[in-house]
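One letter stands for each residue in the lines below.
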Amino acid sequence: MTTLDFDIGGMTCAACVGRVERGLKKVPGVQDVAVNLATERARVAYDPGLTSPEALAQAVGDIGYEARLPQLSASQPPAPRTAELSFAVGGMTCAACVGRVERGLKKVPGVQAATVNLATERAHVVYLPDAADPEALRGAVRDAGYEVPEEVAQATEVAAPEQAPASQAQSRLDAERGRRAAEIASLRRAVMFAALFSVPLLLLSMLPMLWMPLHMWLLANVGEGAMNWAMLALAAPVQFGPGRRFYRTGWAALRHGSPDMNTLVMLGTSAGFGYSLLVTLAPGLFPAGSAHVYYEASGVVITLILLGKLFEAVAKGRSAGAMRALLALQPGSARVRRGGEVLELTPGDVRVGDLVLVRAGERLPVDGEVVEGRSYVDESMLTGESVPVEKTPGAAVTGGTVNGTGALTFRATGVGEDTALARIVRLVEDAQASRPPIQGLADRVVAVFVPVVLVIAALTFLTWMLVGGEGALARALVHTVAVLIIACPCAMGLATPVSIMVGSGRAAALGVLFRSGAALEGLGAAKVVALDKTGTVTRGQPEVTDVRPAAGWTPESLLRVAAAAEGPSEHPLARAVERAAGAGVPAAHDFEALPGYGLRATVEGRRVEIGAARFMAQLGVEVGDLGAQAGTLAAGARTPVFVAVDGRLAGLLGVADPVRPGSAQAIRTLGAQGSEVALITGDARATAEAVAAEVGVRRVLAEVLPGGKADAVAELQAGGRRVAFVGDGINDAPALARADVGVAIGTGTDVAVETADVILMSGDLRGVPNAVALSRATLRNIRVNLFWAFAYNVALIPVAAGVLAPLGITLSPVLAAAAMGLSSVFVLSNALRLRSFRPPLPPAAPQGEGRPAGRAVPRNA
């Protein structure tokens with residue numbers, strides 16, 4: 001097989017990519033095709049005995065595109081230079097907003113691709129710099145009615161994504177953090193300002209209705225007109241202060257023909273406020289009994305919706321945490337030996353072939369190959385394996401991993417964007433930039449509901465103007481405003497966020513943190529739950545699991561002598577034996593490590609030798625029945641360690657990464673809930689299958705590296721199935737981001753916690769089925785709320801429009817407001833039922849496995 005990379009001209013969209021790929025795959029001998037629209041390049045794997053580069057180029061030409069083969073590149077015009085721009089977009093609230101921004105960007109000449117992520121509130125655009133410029137792209141977003149913070153857009157503009165230095169990415173993240181903090185502060189001020197006026201407004205309007213003596217006293221001493229003016233003075237600052245943001249975005253959405261929740265808020269509150277203002281200014285226009293004001297409806301709705309936006313902004317502010325944590329893995333400096341001297345350089349200045357020096361305990365700056373020294377390196381960030389790996393001359397090392405107690409000198413083989421850490425960063429960025437196929441039920445309802453309400457309101461006004469007779473204008477106003485008030489988005493706007501707020505609050509009490517409402521909704525829809533092994537299903541720390549003493553020895557005496565001999569050793573298994581033995585272990589003398597076999601030491605005058613079976617065979621020590629037991633331990637994913645004292649077998653130890661308490665119970669419960677459970681790990685297949693059999697998992701994907709974990713998740717997503725991935729390590733970050741819902745063990749690494757959508761604070765896997773059950777209960781609750789809010793309006797809008805007026809049945813704005821209030825009360829009461837949710841498994845207390853449980857909550861939470 002031969003691989004050919006060549007440029008393709010004329011592609012403009014994803015459909016072009018599909019056509020080129022299908023055309024090339026039809027060529028005899030072609031095995032694999034990958035076409036990249038951003039780089040306008042194709043990579044084809046083919047059999048040179050069956051086809052040729054010219055045949056491939058001809059196939060592309062037959063489809064209608066231009067192939068530029070490498071050997072012809074000198075005579076062909078250069079491929080168009082592309083650029084990418086990533087910038088923040090403010091003001092988006094729903095899927096309709098995302099679609100509107102994307103359509104606006106794609107209309108700009110020269111734009112090849114545009115994707116907008118609602119969760120991160122960012123747009124990513126691939127464009128031709130000769131035909132478009134960043135200011136034109138930002139202008140298109142502003143024309144669509146949204147905001148573009150100027151400083152963030154400038155900080156993230158790059159010529160090509162692979163050329164963006166880490167410092168620039170850090171600058172973007174810092175700017176994004178500042179913008180998010182400013183947004184949260186602005187929303188907090190708006191909520192406090194609105195509450196300052198709406199609370200007394202609510203009391204002034206509702207207390208007289210609840211206590212008739214107060215109502216009569218106010219009418220007699222203050223007067224209805226003065227009361228209306230007082231409520232106007234309280235409502236106007238809310239309506240045109242904090243509420244101004246709904247007018248700005250709601251009107252822009254209406255003007256572009258895509259009304260959203262902002263439009264509903266704008267119309268509903270404006271209807272109540274406008275009608276009340278007319279009653280205050282000209283009460284004589286209205287029929288007797290209909291001159292009532294509804295200022296409290298507009299003021300309280302605006303305040304509650306702003307409060308929900310504040311909670312949403314706080315949740316979204318965590319989105320950049322994963323990238324900050326990943327960038328922090330690279331040390332700030334590297335010691336490089338050049339020309340006989342040692343230089344202190346930044347990792348970006350290290351060149352391939354440089355000799356890099358690393359002291360004990362330091363993090364490796366780049367990838368390389370060891371040329372001098374011996375140590376154990378913690379590679380859990382890469383492989384998920386808890387046991388550090390021995391590194392001797394010739395071994396490969398990875399940037400971002402942590403060196404143990406020895407010093408190493410290695411030759412740099414991968415620097416900059418070619419390091420494993422950089423690839424992990426790119427995988428996380430790619431997965432987070434991809435838009436999940438999630439669209440809220442409320443957005444779909446609103447997309448149809450608002451235009452229909454507007455048409456009904458207009459028809460109501462025109463009809464009553466024609467048939468209303470004397471006082472037609474007043475009747476038309478009353479019925480039209482009644483339609484708009486009954487269609488106020490109070491219940492519809494509260495249906496989802498209230499359920500999310502109550503559900504997430506209940507989840508927190510159960511030790512589960514949902515980062516967003518989308519995560520709370522999405523987890524219950526997952527058909528597959530994929531689990532990382534090390535640190536998730538297992539503890540992530542080696543422990544002595546079996547102690548098999550030989551004749552004449554007790555478990556305590558065997559552990560005591562083994563721990564003493566292991567004391568000087570750097571091997572992680574030695575630490576496990578020491579922890580099992582406890583205190584009171586004597587000192588060892590004449591220690592000697594025998595690589596590949598074991599160790600030898602003198603303990604209290606006795607020769608102690610510890611190692612594998614081949615070491616015992618070399619020493620001539622008979623292992624007897626313990627040999628067969630060692631095979632059983634190995635089959636059960638345990639490492640057998642023999643102990644000999646003075647040339648005679650003293651016993652056998654089994655060391656392993658034990659399964660967490662509750663893992664098997666959690667997996668059984670997930671199966672009972674209808675979820676397929678899969679195990680994804682970088683461990684050897686034998687170890688992985690042994691653990692899977694112990695906890696009851698049937699599907700195992702073993703020996704998977706970081707990039708492969710994300711690919712494994714994508715494989716599980718085949719056929720449109722939603723996948724939840726549960727992990728705890730840095731190596732899990734791409735898979736956590738690629739999954740439809742990422743679940744992090746809270747006692748794991750900061751990167752896993754920051755990348756995931758759901759965090760188990762206790763570090764107990766039993767939180768997963770509890771979270772799934774709560775997610776499904778919350779989703780059912782949301783559906784009921786939305787149905788009630790929508791059906792309630794559908795049933796009462798005709799009555800408000802006056803369809804039953806000939807029968808003497810009408811719905812005045814007063815009753816419309818009451819009906820609207822009842823709808824909201826029902827939605828709130830239904831959502832509060834989630835507070836009594838009972839999980840299928842008892843929540844576990846936080847455990848201090850891996851790291852302090854107090855760090856389970858993300859920083860800045």
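Residues numbered from 1 in each chain as written. Predicted model: local features only at pLDDT ≥ 70, side-chain atom pairs only at ≥ 80, totals over all residues. Heavy atoms only, no water.

- Under an unreviewed UniProt entry, the protein chain has the name Heavy metal translocating P-type ATPase and belongs to Deinococcus petrolearius.
- Annotation of the protein chain in UniProt includes, under Sequence similarities (unreviewed entry), the sentence "Belongs to the cation transport ATPase (P-type) (TC 3.A.3) family. Type IB subfamily." (UniProt positions renumbered as here; feature names shortened; annotations may be inferred.)

Considering the overall build of the protein chain
Working step 1: Counting secondary structure elements, the protein chain contains 30 helices and 29 strands.
Working step 2: Expressed as a percentage of its 861 residues, the buried residues of the protein chain come to 51%.
Working step 3: Considering only contacts in the protein chain between residues 6 or more positions apart, those separated by 24 or more positions represent 67%.
Working step 4: When the accessible surface of the protein chain is split by element, carbon and sulfur atoms take 59% of a total near 36600 Å². (Helix = DSSP H or I, 4+ residues; strand = E, 2+ residues; numbered from the N terminus. Buried < 20%, exposed > 50% of the residue type's maximum accessible area, 1.4 Å probe, protein only. Contact = heavy atoms within 4.5 Å. Areas by Shrake-Rupley, 256 points an atom, 1.4 Å probe, with all protein chains shown as cover.)

Looking at the packing of aromatic side chains
Working step 1: In this structure the tally under the stated criterion is five aromatic pairs.
Working step 2: Ring plane angle 50 degrees and centroid distance 5.0 Å describe the contact between Phe193 and Phe197, whose orientation is recorded as tilted. Of the two residues, Phe193 and Phe197 are both situated in helix α6 (residues 166-210); the distance of four residues between them amounts to about one turn of the helix.
Working step 3: Judged by relative accessible area, which is 35%, Phe193 ranks as partly exposed.
Working step 4: Measuring from ring centre to ring centre gives 6.2 Å for Phe240 and Tyr247, while their planes differ by 25 degrees; the resulting arrangement is stacked.
Working step 5: A residue is classified by how much of its surface remains accessible, and Tyr247, at 25% relative accessible area, is partly exposed.
Working step 6: The ring of Tyr597 carries Arg614 above its face, with NZ or CZ at 5.9 Å from the centroid. (Phe/Tyr/Trp six-rings, centres within 6.5 Å; stacked < 30°, edge-to-face > 60°. Lys NZ or Arg CZ within 6 Å of the ring centre and 35° of its normal.)

Some points on the pairing of strand β8 (residues 334-338)
Working step 1: Burial analysis of β8 places four of its five residues in the buried class, which makes it a mostly covered element.
Working step 2: Pairing of β8 with strand β9 (residues 341-345) involves five bridges; the strand directions are antiparallel. By the bridge assignment, Arg337 is partnered in β9 with Val342.
Working step 3: Hairpin remark: β8 followed by β9, antiparallel, with two residues in the connecting loop; positive phi at Gly339, about 60 degrees. (Pairing = 2+ DSSP bridges.)

Some remarks on the sheet that holds β9
Working step 1: Taken together, six strands build an open sheet; the order of strands is β9-β8-β10-β16-β11-β14 and the sheet is antiparallel. The open sheet is flanked by β9 and β14 (396-397), the only strands paired with a single partner.
Working step 2: Examined bridge by bridge, strand β10 (residues 355-358) and strand β16 (residues 408-414) share four bridges and lie antiparallel to one another. The partner of Leu355 across the bridge, within β16, is Arg411.

What about the nonpolar core?
Working step 1: In terms of nonpolar packing, the biggest core is built from 49 residues, with Phe514, Leu531, Leu765 and Val768 touching the most fellow members.
Working step 2: Element by element, the count of residues in this core is highest for helix α29 (residues 767-801), at eight residues.
Working step 3: When residues no more than four places from it in sequence are discounted, the contact partners of Leu765 are Leu531, Thr536, Val537, Ser663, Ala666, Ile667, Val726, Ile745 and Leu760. (Core = buried A, V, L, I, M, F, W, Y, C linked by side-chain atoms within 4.5 Å.)

Focus: the UniProt feature "transmembrane region" (unreviewed entry) in the protein chain
Working step 1: In the numbering used here, UniProt assigns the "transmembrane region" (unreviewed entry) feature to residues 190-214, 226-243, 264-286, 292-311, 445-467, 473-496, 786-808 and 814-832.
Working step 2: Between the first and last C-alpha atoms of residues 226-243 the distance is 24 Å; the span itself is 83% helix and 0% strand.
Working step 3: Helix makes up 70% of residues 786-808 and strand 0%, whereas the separation of the span's terminal C-alpha atoms amounts to 31 Å.

What to know about the pattern of salt bridges
Working step 1: If you walk through the whole model with that rule in mind, you get 17 salt bridges.
Working step 2: Here Arg335 ties to Glu362 by a salt bridge, and the two come within 2.7 Å at their closest N and O atoms. Highlighted residues: Arg335 in strand β8 and Glu362 in the loop between β10 and β11 (367-373), separated in sequence by 27 residues.
Working step 3: Note that Glu362 is salt-bridged to Arg359, the shortest N-O span being 3.5 Å.
Working step 4: According to the relative accessible area criterion, Arg359 is partly exposed, its value standing at 49%. (Salt bridge = Lys/Arg side-chain N within 4 Å of Asp/Glu carboxyl O.)

Observations regarding the environment of Val768
Working step 1: Here Val768 lies in helix α29.
Working step 2: Taking the relative accessible area as the measure of exposure, Val768 reaches 3% and is therefore buried.
Working step 3: With 23 residues separating them in the primary sequence, Val768 and Ile745 have C-alpha atoms 9.6 Å apart.
Working step 4: Those residues in contact with Val768, other than ones at most four positions away along the chain, are Val529, Leu670, Val726, Val743 and Leu760.

Let's talk about the side chain of Gln717
Working step 1: As for its placement among the helices and strands, Gln717 is situated in the loop between α26 (706-716) and β27 (723-727).
Working step 2: Classification of Gln717 as buried rests on a relative accessible area of 13%.
Working step 3: A distance of 2.8 Å separates the side chain of Gln717 from the side chain of Arg738, its partner in a polar contact.
Working step 4: Those residues in contact with Gln717 that lie beyond four places of it in its chain are Val723, Arg738, Ala739 and Asp740. (Polar contact = N/O pair within 3.5 Å; in protein donor to acceptor, adjacent residues only side chain to side chain.)

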